[in-house]
Amino acid sequence: MTPIWQAELTRIVYIALFAAIVGWLSGSMAWALTTVMAIYITFALRFLQRLDYWLEHNSNEEPPESWGIWGYLFDKMYRHQRRYQQQQQRLTEIINKVQRSSGALRDAVVMIDQHGCLEWWNRAAEGLLGFRSPTDKGQALTNLLRDPRFISYYDKQDYQDPLVLTSPMDDNVMLEYQITIFGRNERLMLVRNITRLYRLEQMRKDFVANVSHELRTPLTVINGYLETFADYSDQLPPRWGRATNQMQQQSRRMQNIINDLLLLSRLETTDIEGQQQHIEIGIMLESIMQDAELLSGDKEHKIRIDLRTSAQVIGSENELRSAISNLVFNAVKYTPPGSTIEMTWQELPQSSGAVLIVEDNGEGIDARHLPRLTERFYRVDKGRSAETGGTGLGLAIVKHVLLRHNAKLDIKSEVGRGTRFTCIFPDLRLIWPGEEARHHNEALARSPELSDLAAQPGDNFRQ
Ligand code: ADP
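Once a new chain begins, its residue numbering starts again from 1 and follows that chain's sequence as written. Only residues with pLDDT of at least 70 get local features here, since the model is predicted, and only at 80 or more are side-chain atom pairs given and counted; chain-wide, interface and lining totals rely on the full set of residues. Heavy atoms throughout the structure, all of them, feed into the side-chain values; hydrogens and water do not.

1. Some words on the overall build of the protein chain
Logical step 1: For the protein chain, the helix and strand inventory stands at 15 helices and 13 strands.
Logical step 2: The quantity called the radius of gyration is restricted to C-alpha atoms. Its globule counterpart is 2.2 Å times the number of residues to the power 0.38. For 463 residues, the compact-globule estimate of 2.2 N^0.38 gives 23 Å, and the protein chain exceeds it by more than 25% at 39 Å.
Logical step 3: Reported as C-alpha extents along the three principal axes, the dimensions of the protein chain are approximately 150 × 50 × 45 Å.
Logical step 4: Summary of the burial criterion: residues with accessible area below 20% of their type's maximum are buried, those above 50% are exposed, and those between are partly exposed, where the area comes from a 1.4 Å probe applied to protein chains only. Here the protein chain holds 463 residues, and the buried ones make up 38% of them.
Logical step 5: Residues count as neighbours in contact if any of their non-hydrogen atoms are within 4.5 Å of one another. Within the protein chain, counting contacts between residues at least 6 apart in sequence, those at least 24 apart form 59% of the total.
Logical step 6: The method behind every accessible area is Shrake-Rupley, applied with a 1.4 Å probe, and residues are considered shielded solely by the protein chains displayed. Carbon and sulfur atoms make up 54% of the accessible area of the protein chain, which amounts to about 27500 Å² in all.
Logical step 7: In this charge count, Lys and Arg are treated as positive and Asp and Glu as negative; neither His nor the chain ends contribute. Charge positions come from single atoms, namely NZ of Lys, CZ of Arg, CG of Asp or CD of Glu. With 52 positive and 58 negative side-chain charges, the protein chain shows a separation of 7 Å between the mean positions of the two kinds. Helix and strand definitions follow DSSP, with helices as H or I runs of at least four residues and strands as E runs of at least two, each counted in order from the N terminus.

Structure follows, in structure tokens:
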């Protein structure tokens, strides 16, 4: 097919030819050519004006009648226009559908622009967060949700873990905030009402705490009698002596489990804020080493301390002692006699914190167990753990204690080569001898959510 501009060029050539013939016949070539060209230009201008009018006023309707290159252009524009309108209609339908479906959601959905202002939200957001439409549109989100913990979570831009807070509308409602960054630093915030889950979790905690507490007294009595029996074991028939021994062992194990359960519930329910001691890690490791050597006895583990920093940790001495003892005693319990256990306390580069490493060269743990190791009652080898008097709660306690100190636990292990437990403490939990507590207090004030981390109910759901 001939391109349209070629057809138009041919037409112009014909018209010029026609004008030339008329000019030649009439003897006035210039006049004829000028007249014909003027007529052509007039037509072109007329179509241009129609095109302008059509585009301006009713481009949705059919284009005006025209011919030649103009007819072609009008049709092409009209087709483009129709296609564009159809696409726009489809997009509008999709947007409406998305808005209708998210409007029907029970969870709040909030879209925040790159300046941190509210762009769009669904109806649930009005009930859960108290946003008002349309007055709050364009308002800064942190002006509407003013809880300092939310503001610091929002500003930190690390949204890997959700945030759990009470609803600004009702103190009895617990909300879980989840934020995702998309596009050009825009954010999508999902807010879920988790009150029921939270209450169930609370009931679970209360139940465990109450049962453990109630079982403690009868067990103490049973243990007391068993100890008396054991004192007179030489007067008992041999069969009874063995039975008493076993009963004593098992009731001690039960007592250990109950003590660990009570410790865990205390860690879950109490605030660490009151306990801000400056803990000398070196001294603590020394005394843990002595206890571990006693535990090792004639198994003769080689226990070493490598102290590379004088940094102290701010927190609860009892809790940290219990966590680190758990790691070191585990290393004694789960490694063969004569194994080496090393405790290292060192700073991380660029003042990013410090790490306490407990490493052994024992049998190691298979990689498939590692993700579940800090779960309550999770044991790699049930028989062995029971044999060593393990409760299966030790690493859960370690995890909780570290969490209350804004620290994290990292476990690396290789079967046949050994295991390494690393407790990573953030800089804001450290202090150097002679340094004022100012450093710590300022850091905590700058990041209020960290000081609340211990009391974060959300974390308990992720165990
Ligand atoms: P338990 O009271 O049974 O020791 P923990 O929670 O302290 O429970 O430990 C969980 C499991 O992790 C243990 O049963 C043991 O199998 C494994 N474990 C812990 N520390 C070590 C270690 N240093 N080397 C090998 N296995 C270990």
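Okay, back to it.
2. Quick look at the packing of helix H8 (residues 238-269) against helix H12 (residues 394-404)
Logical step 1: An axis is simply a line fitted to the C-alpha atoms; with a helix, the fit covers only the stretch in contact. Between two such axes, the angle follows the N-to-C directions and lies from 0 to 180 degrees. With their axes 10 Å apart at the nearest point, H8 and H12 run at an angle of 20° to one another. When the axis of H8 is compared with that of H12, the two are roughly parallel. In this structure, the crossing between H8 and H12 has a hand that is left-handed. Residues Asp260, Leu263, Leu264, Arg266, Leu267 and Glu268 of H8 lie in contact with H12, whose contacting residues are Ala396, Ile397, His400, Val401 and Arg404.
Logical step 2: Residues belonging to the contact of H8 with H12 are distributed by class as follows: six nonpolar, one polar and four charged. We call two directions roughly parallel when the angle between them is under 35 degrees, roughly antiparallel when it is over 145, roughly perpendicular when it lies between 65 and 115, and oblique otherwise. Take the far helix as your reference; a near helix turned counterclockwise from it by less than a right angle gives a left-handed crossing, and one turned clockwise gives a right-handed crossing. Throughout this entry, Asp, Glu, Lys and Arg are counted as charged residues, while Ala, Val, Leu, Ile, Met, Phe, Trp, Tyr, Cys and Pro are counted as nonpolar. The remaining residues, Gly among them, count as polar.

3. Here's the deal with the sheet that holds strand E13 (residues 430-431)
Logical step 1: Strands sit in the order E6-E8-E13 across an open sheet of three strands; the sheet is antiparallel. Edge strands, defined here as strands with exactly one partner in the open sheet, are strand E6 (277-279) and E13.
Logical step 2: Relative to E13, strand E8 (residues 312-315) runs antiparallel, the two being bridged by two bridges. What sits directly across from valine 313, in E13, is leucine 430. Here the rule is simple: two strands pair whenever DSSP picks up at least two bridges between them.

4. Focus: the pairing of strand E12 (residues 418-425)
Logical step 1: Taken across its eight residues, E12 has six buried, putting it largely inside the fold.
Logical step 2: In the sheet, strand E10 (residues 354-360) pairs with E12 via seven bridges, with the strands oriented antiparallel. Bridging across to E12, alanine 354 finds its partner in phenylalanine 425.

5. So, the sheet that holds strand E3 (residues 163-166)
Logical step 1: With respect to topology, five strands assemble into an open sheet ordered E2-E1-E5-E4-E3, the strand pairing being antiparallel. At either end of the open sheet lies a strand with only one pairing partner, and these are strand E2 (118-121) and E3. Pairs of neighbouring strands in the sheet enclose a mean axial angle of 25°, with direction left out of account.
Logical step 2: Across five bridges, strand E1 (residues 108-112) lies against strand E5 (residues 186-193) in antiparallel orientation. Across the sheet, the residue bridging to isoleucine 112 is arginine 187, located in E5.
Logical step 3: Across the sheet, helix H6 (residues 148-156) is in contact with E1, E3, strand E4 (174-182) and E5; its angle to E3 comes to roughly 155°.

6. Focus on the environment of valine 355
Logical step 1: With respect to the secondary-structure elements, valine 355 resides in strand E10.
Logical step 2: Not counting residues within four places of it along the chain, the set of residues in contact with valine 355 comprises Thr344, Trp345, Gln346, Leu348, Thr422, Cys423 and Ile424.

7. Regarding the nonpolar core
Logical step 1: Remark: nonpolar core denotes a set of buried residues (Ala, Val, Leu, Ile, Met, Phe, Trp, Tyr, Cys) joined through side-chain atoms within 4.5 Å. Residues Leu320, Trp345, Leu356 and Phe425 are the most contacted members of the largest nonpolar core, which totals 46 residues.
Logical step 2: At seven residues, helix H10 (residues 317-333) tops the list of elements feeding residues into this core.
Logical step 3: Bear in mind that the domain bounds are from an automatic or database domain assignment. Residue-level mapping places this core at the junction of two domains, with at least three residues from each of domain 3 (198-269) and domain 4 (277-461).
Logical step 4: Non-local contacts of leucine 320, meaning those with residues more than four positions away in its chain, are made with Ile279, Met284, Val313, Val401, Leu402, His405 and Phe425.

8. Description of the pattern of salt bridges
Logical step 1: The rule for a salt bridge is simple: a side-chain nitrogen of Lys or Arg has to be within 4 Å of a carboxyl oxygen of Asp or Glu. Per the counting criterion, the structure on display carries 16 salt bridges.
Logical step 2: Between arginine 132 and aspartate 136 there is a salt bridge whose closest N-O contact spans 3.9 Å.
Logical step 3: On the basis of relative accessible area, arginine 132 is assigned to the exposed category, the value being 54%.
Logical step 4: On the basis of relative accessibility, which here comes to 4%, the residue aspartate 136 falls in the buried class.
Logical step 5: For glutamate 319, the salt bridge identified is with arginine 404, shortest N-O distance 3.0 Å. Here arginine 404 lies in helix H12 and glutamate 319 lies in helix H10, a separation of 85 residues in the sequence.
Logical step 6: Among the residues examined, glutamate 319 registers a relative accessible area of 10% and is labelled buried.

9. Things to note about the packing of helix H1 (residues 4-26) against helix H2 (residues 29-57)
Logical step 1: H2 packs onto H1 with a crossing angle of 145° between their chain directions and a minimal axis gap of 7 Å. For the element pair H1 and H2, the recorded crossing hand is right-handed. Each of Glu8, Ile12, Ile15, Ala16, Ala19, Ala20, Val22, Gly23 and Trp24 in H1 lies in contact with H2, whose residues at this interface are Met29, Ala32, Leu33, Val36, Met37 and Tyr40.

10. Thoughts on a nonpolar patch on the surface
Logical step 1: To count toward a patch, a residue needs a relative accessible area above 30% and no salt bridge. Like charges then connect within 9 Å, nonpolar side chains (Val, Leu, Ile, Met, Phe, Trp, Tyr) within 5 Å. Residues Tyr14, Leu17, Ile21, Trp24, Leu25, Met29 and Leu33 make up a contiguous nonpolar surface patch of about 810 Å² in total accessible area.
Logical step 2: For the nonpolar patch, the element with the highest residue contribution is H1, accounting for five residues.
Logical step 3: Examined against the element boundaries, leucine 25 turns out to sit in helix H1.
Logical step 4: Assessed through its relative accessible area of 66%, leucine 25 is described here as exposed.

11. Details of the domain arrangement of the protein chain
Logical step 1: The domains assigned to the protein chain are domain 1 (3-98), domain 2 (105-193), domain 3 (198-269) and domain 4 (277-461).
Logical step 2: One C-alpha centre belongs to domain 1, the other to domain 3; they are set 97 Å apart.

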